[in-house]
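What follows is each chain in one-letter form.
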Amino acid sequence: SKMNMLLHGTPDADIQNGDPLAEPMHQDGGELMRFDRVISNPPFSQNYTRKDVRFRHRFQFWMPETGKKADLMFAQHMLSVLMPATGTPETGGMMATVMPHGVLFRGSEEKKARAWFIEEDHLEAVIGLPAKLFYGTGIPACILVMRAKGAKPEARRGKVLFINADAEFGEGSNQNTLRPEHVEKIVRPFEEFRTIPGYAAVVDVETLRANDYNCNIRRYADNAPPPEPHDVRAHLHG
């Protein structure tokens, strides 16, 4: 990690090695530090032990300790350490985290957490990514973009942007990559926060509520090609 930061021009990075669920290392005077931006790729589908967790106020919902579903525990931790909005435009922290797709549609406590993210207007965007993009896993992943309470720009409040970019990648033998043109195709609709048929969709809270808070990306932004037309008469008569 230190080498990575040095190579990216950040020699003074504060790098800590620990478990952010049980004992977050970035503290100031016994309180958790707050951040303007949080960017993370936490380990997928981990178990955890609730009794070891400190700073329990971070968590509105407790995921099952077994069953490898700690993903939204990490998301709640990140959300809890964002700088709060001050009531003026463009203030308050923002986070982006890589997650497995299961967090978008699984039930039980994960559904309750999704409902809370949506109803409290934290969730801003869900971006579907291609498979084989990250080291250590071949499954497709997604990015959740969330903001502190009240930090969304006015035009984005009460809405969530879904981007289906699972077909945007450069194919490699062992691992796929996002090329600059793929990144641009993802970033532009996010910055403009607009619907692009077959790729991106702006969905209001009422629609998400009617869909029982299911955030499966294809439900809202389906990039499947249209079915091939068939000549029924030719099928029947040759």
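Coordinates for the structure precede this section.
The following refers to the structure shown. From a predicted model like this one, the values you see are computed outputs, not experimental measurements.

### Focus on the pairing of strand E5 (residues 123–128)
Burial of E5 is extensive: six of the six residues sit out of reach of the surface. Summarising the sheet, E5 and strand E6 (residues 141–147) pair through five bridges and their orientation is antiparallel. Residue pairing across strands places Val-126 opposite Leu-144, the latter belonging to E6.

### Focus: helix H2 (residues 71–80)
Extensive coverage of H2 is indicated by the burial of 10 of its 10 residues. Contacts from the buried residues of H2 go to strand E3 (37–40), strand E4 (94–100), helix H3 (108–119) and E6.

### A short note on the sheet that holds E3
Strand order in this open sheet of six strands is E3-E4-E6-E5-E7-E8, and the pairing throughout is mixed. The open sheet has two edge strands with one neighbour each: E3 and strand E8 (200–204). Averaged over all pairs of adjacent strands, the angle between strand axes in this sheet comes to 15 degrees, irrespective of strand direction. Here strand E7 (residues 159–164) runs beside E8; their pairing, made up of five bridges, is antiparallel. Bridging across to E8, Leu-161 finds its partner in Val-202. Against the sheet, H2 makes contact with E3, E4 and E6, and its axis sits at roughly 175 degrees relative to E4, the strand it touches most.

### Here we look at the nonpolar core
By size, the foremost hydrophobic cluster in this structure holds 45 residues, and its most contacted members are Leu-72, Met-99, Leu-123 and Phe-162. Sort the elements by how many residues they give to this core and H2 lands first, with six residues. Apart from residues lying up to four places away in sequence, Leu-72 is in contact with Met-63, Met-99, Val-103, Glu-110, Ala-113, Phe-117 and Leu-144. Within the second largest apolar cluster, 14 residues are counted, among which are Ile-127, Leu-129, Leu-133 and Ile-163.

### Focus: a nonpolar patch on the surface
On the surface, a cluster of nonpolar side chains totalling about 180 Å² of accessible area is made up of Leu-178, Val-183 and Val-187. Positionally, Val-187 belongs in helix H4 (residues 180–192).

### Quick word on the packing of aromatic side chains
Under the definition given, this model contains four aromatic pairs. Arranged with centres 6.4 Å apart and planes meeting at 70 degrees, the rings of Phe-61 and Trp-116 form a pair that is edge-to-face. With Phe-61 in the loop between E3 and H2 and Trp-116 in helix H3, the pair connects residues that are 55 residues apart, well separated along the chain. When its relative accessible area of 18% is taken as the criterion, Phe-61 is described as buried. Clustering of aromatic rings is evident, with ring pairs tying together Phe-61, Trp-116 and Phe-117. Here the guanidinium or amino end of Arg-50 rests over the ring plane of Trp-62, the centre of that ring lying 4.2 Å away.

### Section: the state of the cysteines
Tallying each qualifying case throughout the model produces zero disulfides. Cys-215 takes part in no disulfide bond, and the closest cysteine sulfur, belonging to Cys-142, lies 9.4 Å away. Residue classification places Cys-215 among the buried positions, given a relative accessible area of 2%.

### A word on the layout of surface pockets
Of the volumes computed, that of the largest pocket is approximately 1300 Å³. In terms of lining residues, the largest pocket is bounded by 31 residues, among which His-26, Val-38, Ile-39, Ser-40 and Asn-41 are the most central. Looking at the lining of the largest pocket, the elements with two or more residues in it are E3, H2 and E4. In terms of residues, the lining of the largest pocket owes the most to one element, E3, which gives four residues. Of the residues contributing to the lining of the largest pocket, the split by class is 19 nonpolar, nine polar and three charged.

### Structural notes on the pattern of salt bridges
Considering all chains together, one arrives at 18 salt bridges under this definition. Among the ionic pairs, Arg-156 bridges to Glu-124, the shortest N-O distance being 2.6 Å. Of this pair, Arg-156 sits in the loop between E6 and E7 while Glu-124 sits in strand E5, placing them 32 residues apart in sequence. One exposure class covers both Arg-156 and Glu-124, and it is buried. Here Asp-166 ties to Arg-218 by a salt bridge, and the two come within 3.1 Å at their closest N and O atoms. Of the two residues, Asp-166 sits in the loop between E7 and H4 while Arg-218 sits in helix H6 (residues 217–220), which places them 52 residues apart along the sequence. Taking relative accessible area as the criterion, Asp-166 reaches 24% and is therefore assigned partly exposed. Here the salt bridges do not stand alone but share partners, grouping Glu-184, Arg-188, Glu-192 and Arg-194 into one network.

Basis of the calculations
- Residues numbered from 1 in each chain as written.
- Predicted model: local features only at pLDDT ≥ 70, side-chain atom pairs only at ≥ 80, totals over all residues.
- Heavy atoms only, no water.
- Buried < 20%, exposed > 50% of the residue type's maximum accessible area, 1.4 Å probe, protein only.
- Helix = DSSP H or I, 4+ residues; strand = E, 2+ residues; numbered from the N terminus.
- Pairing = 2+ DSSP bridges.
- Contact = heavy atoms within 4.5 Å.
- Axes fitted to C-alpha atoms, helices over the stretch in contact; angles between N-to-C directions.
- Core = buried A, V, L, I, M, F, W, Y, C linked by side-chain atoms within 4.5 Å.
- Patch = residues over 30% accessible without salt bridge, like charges linked within 9 Å, V, L, I, M, F, W, Y side chains within 5 Å.
- Areas by Shrake-Rupley, 256 points an atom, 1.4 Å probe, with all protein chains shown as cover.
- Salt bridge = Lys/Arg side-chain N within 4 Å of Asp/Glu carboxyl O.
- Phe/Tyr/Trp six-rings, centres within 6.5 Å; stacked < 30°, edge-to-face > 60°.
- Lys NZ or Arg CZ within 6 Å of the ring centre and 35° of its normal.
- Disulfide = S-S within 2.5 Å.
- 1 Å grid on protein atoms, 1.4 Å probe; cavity = no way out; pocket = protein on both sides within 12 Å on 5 of 7 lines; lining within 4 Å.
- Points joined across faces, edges and corners; volume = space filled by probe spheres on them.
- Nonpolar A, V, L, I, M, F, W, Y, C, P; charged D, E, K, R; others polar.

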